[in-house]
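Spelled out from the first residue to the last, the chains are:
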Amino acid sequence: METLTPKALELAKDGQTEPVNLRVRDVVKLPNGKFYSCTLTDGTQTMKGRLVAAVNKALADGSLQLGDGDVVRLENYVCNKVGDDQLLMVSSLQLLHKSSSSSNTAATDAAGAKPDQQLPGTPVVVKQEVKQEDQVTPAAAAARPMMTPGPTPSPSEEMKASAMMLTPQSVAGSAKPSYTPQAPHSASPLPVGTKSGVQPIAALNPYDTNWTIKAKLWTIKAKLVRKAPPRAFNSRAGTPSRVFNVELADAAGSQIQATFWREAAEKYLDVLQEGKVYYFSKFQVKVANKQYATVRNDYELHFDNRTEVEEAADQGGIDGAAQVELVPLDKLPRFVGRKMPVDVLGVVTHCGPLGTIKRKADNSELPRRDVTIADSSRCSVVLTLWADQASRAELDGCEGQLLQVTCVRVGDYNGCSLSAVTRSQVSVNPESAAADALREWWQAEGSSAALTPLGQASAAGGAGGGPRNNKLQFLSDVMVEEDIPSPDAKPTYHDVVVSVVQVQDSQTMYYLANPENGKKVEPREGRFWCEAESRYVDAAQNRYVLTARVADATRETYVNMFNDQGVQLLGASADELAAQRGSDEASFAGTLAGAKWSEWLMTLAARSREYNGERRMRYTVVRMAPVDYAQEGHRLLQLIQGKA
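Bear in mind that the values here come from a model prediction, so they are computed numbers and not experimental data.

Caption draft 1: Structural detail: the overall build of the protein. Scanning the protein from terminus to terminus reveals 13 helices and 33 strands. For the protein, the residues scored as buried account for 48% of the 644 residues in total. When the accessible area of the protein is evaluated, it comes to approximately 31200 Å², of which 49% is carbon and sulfur surface.

Caption draft 2: Spotlight on the sheet that holds strand β27 (residues 522-524). Overall, antiparallel pairing links the three strands, which are arranged β27-β28-β29 in an open sheet. Either end of the sheet is taken by a strand with one partner, and the two such strands are β27 and β29 (535-537). If you compare each strand with its neighbour and ignore which way they point, the axes differ by 45° on average. Examined bridge by bridge, β27 and strand β28 (residues 527-530) share three bridges and lie antiparallel to one another. Pairing of P523 across the sheet is with F528, part of β28.

Caption draft 3: Focus on the side chain of S424. Its location among the elements puts S424 in strand β22 (residues 417-428). Since its relative accessible area comes to 5%, S424 is described here as buried. Within the local environment of S424, its side chain forms a polar contact with the backbone oxygen of T406, the two atoms lying 3.4 Å apart. Polar side-chain contacts of S424 include one of 2.5 Å to the backbone oxygen of C407. Residues contacting S424, with those up to four places away along its chain left out, are Q389, V405, T406, C407 and V408.

Caption draft 4: Structural view of the packing of aromatic side chains. Under the criterion given, the structure shown has nine aromatic pairs. Ring geometry for W529 versus Y536: centroids 4.9 Å apart, planes at 65°, classification edge-to-face. Given the relative accessible area of 15%, W529 is considered buried. Residue Y536 is classed as partly exposed on the basis of its relative accessible area, which comes to 26%. By the ring-pair criterion, three or more aromatic residues cluster together here, those being F244, F260, Y268, Y278, F280, F283 and F303.

Caption draft 5: Examining unusual backbone geometry more closely. Of note in the backbone geometry, D26 takes a positive phi value of approximately 55° without being a glycine. Mapped onto the secondary structure, D26 falls in strand β1 (residues 20-29).

Caption draft 6: How the structure looks around the pattern of salt bridges. All told, the structure shown has 16 salt bridges when counted by the stated rule. A salt bridge links E445 to R378; the nearest nitrogen and oxygen atoms lie 2.7 Å apart. Taken together, the positions of E445 in the loop between α7 (433-444) and β23 (452-453) and R378 in the loop between β19 (365-374) and β20 (379-386) put the pair 67 residues apart, joining distant regions of the chain. Assessed through its relative accessible area of 36%, E445 is described here as partly exposed. Note that R439 is salt-bridged to D436, the shortest N-O span being 3.1 Å. Taken together, the positions of R439 and D436, both in helix α7 and three residues apart, correspond to about one turn of that helix.

Caption draft 7: Structural view of helix α11 (residues 574-583). Along α11, the residues that are buried comprise A574, L577, A578 and Q580. Viewed along the axis of α11, the buried residues span an arc of 160°, placing them on a single side of the element. Those residues of α11 that are exposed and aimed more than 90 degrees away from the buried face are G582 and S583. Where the residues of α11 are buried, they touch β26 (510-513), β30 (541-551), α10 (563-570) and α12 (585-595).

Caption draft 8: Molecular detail of the state of the cysteines. According to the stated counting rule, one finds zero disulfides in the structure shown. Summary of cysteine pairing: C379 is not part of a disulfide, and the nearest cysteine sulfur, belonging to C416, is at 9.4 Å. Look at C379 and you get buried, because its relative accessible area is 9%.

Caption draft 9: Up close: the confidence of the model for the protein. Looking at the protein, the pLDDT average stands at 76 and 77% of residues meet or exceed 70. Between residues 103-186, whose pLDDT stays under 50, and residues either more than four places distant or in other chains, the model counts 210 contacts. Note on residues 456-470: pLDDT is under 50 here. Beyond four places in sequence and across chains, it has 40 contacts.

Caption draft 10: Region of the structure containing the packing of α11 against α12. Following both chains from N to C, one finds α11 and α12 inclined at 135°, their axes separated by 6 Å at the closest point. By the angle between their directions, the pair α11 and α12 is classed as oblique. Touching L577, Q580, R581 and S583 of α11 are E585, S587, F588 and T591, all from α12. Here the contact of α11 with α12 is composed, by residue class, of two nonpolar, four polar and two charged.

Caption draft 11: How the structure looks around the nonpolar core. If you look at the biggest cluster of nonpolar residues, it comprises 34 residues, and the most contacted ones within it are M509, M561, L569, L570 and M602. Those residues within four positions of L569 in sequence are excluded, and the remaining contacts are V500, V503, L546, A548, M561, A595, S598, W600 and M624. Counting 29 residues, the second largest nonpolar core, distinct from the first, contains C351, L403, V405 and L418.

Caption draft 12: A look at the environment of T557. Within the secondary structure, T557 sits in strand β31 (residues 556-562). Separated by 56 residues in sequence, T557 and V501 place their C-alpha atoms 9.6 Å apart. Apart from residues lying up to four places away in sequence, T557 is in contact with L475, M479, A548, R549, V550 and Y619.

Caption draft 13: How the structure looks around the side chain of E308. The residue E308 is located in strand β16 (residues 308-312) in this model. Judged by its relative accessible area of 8%, E308 falls in the buried class. Here the side chain of E308 touches K282 through a polar contact of 3.0 Å, side chain to side chain.

Caption draft 14: How the structure looks around the pairing of strand β3 (residues 46-51). Both strand β2 (residues 36-41) and β3 contribute to a ladder of six bridges, which runs antiparallel. Bridge pairing links Y36 to L51 in β3. Connecting the antiparallel pair β2 and β3 is a turn made up of four residues, with G43 showing a positive phi of about 105°. Pairing analysis gives four bridges linking β3 to strand β5 (residues 85-99), with the strands arranged parallel. Directly across from L51, in β5, lies its bridge partner V90.

Definitions and cut-offs
Residues numbered from 1 in each chain as written. Predicted model: local features only at pLDDT ≥ 70, side-chain atom pairs only at ≥ 80, totals over all residues. Heavy atoms only, no water. Helix = DSSP H or I, 4+ residues; strand = E, 2+ residues; numbered from the N terminus. Buried < 20%, exposed > 50% of the residue type's maximum accessible area, 1.4 Å probe, protein only. Areas by Shrake-Rupley, 256 points an atom, 1.4 Å probe, with all protein chains shown as cover. Pairing = 2+ DSSP bridges. Axes fitted to C-alpha atoms, helices over the stretch in contact; angles between N-to-C directions. Polar contact = N/O pair within 3.5 Å; in protein donor to acceptor, adjacent residues only side chain to side chain. Contact = heavy atoms within 4.5 Å. Phe/Tyr/Trp six-rings, centres within 6.5 Å; stacked < 30°, edge-to-face > 60°. Salt bridge = Lys/Arg side-chain N within 4 Å of Asp/Glu carboxyl O. Arc of directions from axis to C-beta. Disulfide = S-S within 2.5 Å. pLDDT = per-residue confidence, 0-100. Parallel < 35°, antiparallel > 145°, perpendicular 65-115°, else oblique. Nonpolar A, V, L, I, M, F, W, Y, C, P; charged D, E, K, R; others polar. Core = buried A, V, L, I, M, F, W, Y, C linked by side-chain atoms within 4.5 Å.

What follows is the structure, encoded as C-alpha cells:
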C-alpha cells in the first residue's frame, strides 16, 4: 500500500511541485454544480484543495471516482495563498488506492466517515504527461521561494461560487530572464534549457486572480505550429510598430493562439521557428475574439516586452496535432464568417472529379476537388479539397465511405460551404466511436434518408444574404445560446411562424421623428431639433420602436420591431397610440390586448450585440405578414406526409 508523503503540504507551501502522495477527503461539488473542492492531508497537516482542469472534467463525466480516504498521487499542482489560508490547486492526479469506506460514486455532496483501512484499487490516471526535464529535485524545490501559480477553472461561475480571490505569493528572489535583450530584428538564437512548474494550455484562463500583470508567472511548454507574417501598424503616439500571431500546441493536444506585440514582436519574430518547442513565460491570458480566432480555444495569449521565451532542450513529445472536436453539419452556419476552423465527419454522398484552377498570382494550376458529405443531422454540405488533399487516390469512387477532415474553414459560398486549408488533415474511414455511430446510422437509415443541402438551408435561415421564404424554422432552431458570433458578423435570417404573447405596456414604444427620414428629433423653442442633421424641422411624428414577446411550440423570445411592423401588429399608427396613451387608458390597453395571441409569419434577423462586455443575441423583425391558414395547413400536411 502506498504511504503518504511526509511533510508534503509543508513543502508545497514553500513552492515544491514534485509528485506527492496524499489522502483525499470531503470531495464535494461547489454550489454552482460544476466544480469540485476537497480536503487533502499528508498525515500531519490538512489543506483545502480545488480540483481543476482535467481532474474536474474527469469527475464530471464519471471517468474518475474519488471517495473519502482514497490515496492519490498529485502529478501537477500548486499552492496558492488565499488571504491567510493556503489553497492547493490540483490539475493532474493519479488514483493509487481506494479506501474501503469510500463509495463507488464520483464526488458526493456530504462528507463520509474517516477510513480505517485502504484497499488497492485499479488506478485511474488523469494527468498531463510530465517529462523528466520538467521535474525538479527536492533540493532545488526547497531552495526555490516561489512557484508558478496554478490553474483554476475558466468559467466565471467559479468566481461567483467562491468569495475568495486568488492572490500570488510574494515573488522574492525570482530568477532574472535568461535571455539577453537584443536590438530589433536581431536573429540571435534563444537560450536553451528546461523549466519546472509548466502548466498545460487547457489550464490557462484570465479569471483566477486579481494580480498585477508583472506577477503573472504562467509558464507553458508548447510547439510553435504556425507563425503568421508580421503586420505593421501605428501606435496611438504615431510610432510605427509590428505585431504577429502564432499558434501553439502542447503535449495534450490543446492549442491556443498568441500575439506578439511591439517590442516582443521585434525581439522574437526572426528567431522563432515553426515546428520547434519553446517555453513561454510572463504573458497575459485574455478572452479570445472568436471572429478572428484561428484555433478552437476560449482564450488567447498576449506577449509583450516582459515575456520570456526559451527553447526547450527536449524537442520531442509534442506532435502539434490538435484534439478532434467534431461539429455536426447542421451547426456549421454558426461558423460562417469566422476564421476559426472546424472539424467535420461525414459520409461521402458525391465525389466530384479532380480538376484544376489557375492561381491569380502566377497562373499555375492548382488541383481541386468538390466532395459532398452528410451526417446524422440529415444535412449535406460541399467540401472543397485542394492540392495534394484533392489528388489522393483513395478519394476516387469513395461514395458511401466516411471522410473526416480537420481544420476546415466555413464559408458563405452558396449559403454555406467548407474549404480545406494547408494544415487540414484528411482521413478516409477513420476509426473512432463517432465514426462507428455514423457508419451504423448510414447503413440503417441514412443511405435512404432525404438530405437537406446545407447551402439551401442557410439561404433560407443561415448566415448570408437576405431573407427568403424557402424554409420555415422553429424558434429552437433560430435561437443561439452557445458560440455567439461577433457583433461584426453578418446577420442571419430566419422565417418563423409565431404567436404574439405580450406587448409590454410599460416600454417607451415610440419616439418623435422627422417625417421625411425618420431621424430622431426633440421639441425645442416651439420647433423640433434634429441632432443628426443639426437643423430644425417644423413638424414631427411618432414612430414605433418596440419589443414584443413571441412564441411557438418550441421556445419563446423577445423580438424588436420598427415602425412598419408596429403598425401591422397594433393596427394603429404611433401617433394614434400616443394619443390613446395620454387621454384614454382603456383604448390604449385594448389596442395592446388586440395584438395578443395574433399569429404571424415573420422574417427575423439574428445578430449579436454587446451589453456591458457580454454578448447577447438580438432578434429583429425584418418583415411580417398574417398567417395564411390555407397555405399553413397545406405545409403542415406535407410535414405529416414527410414531403416538406
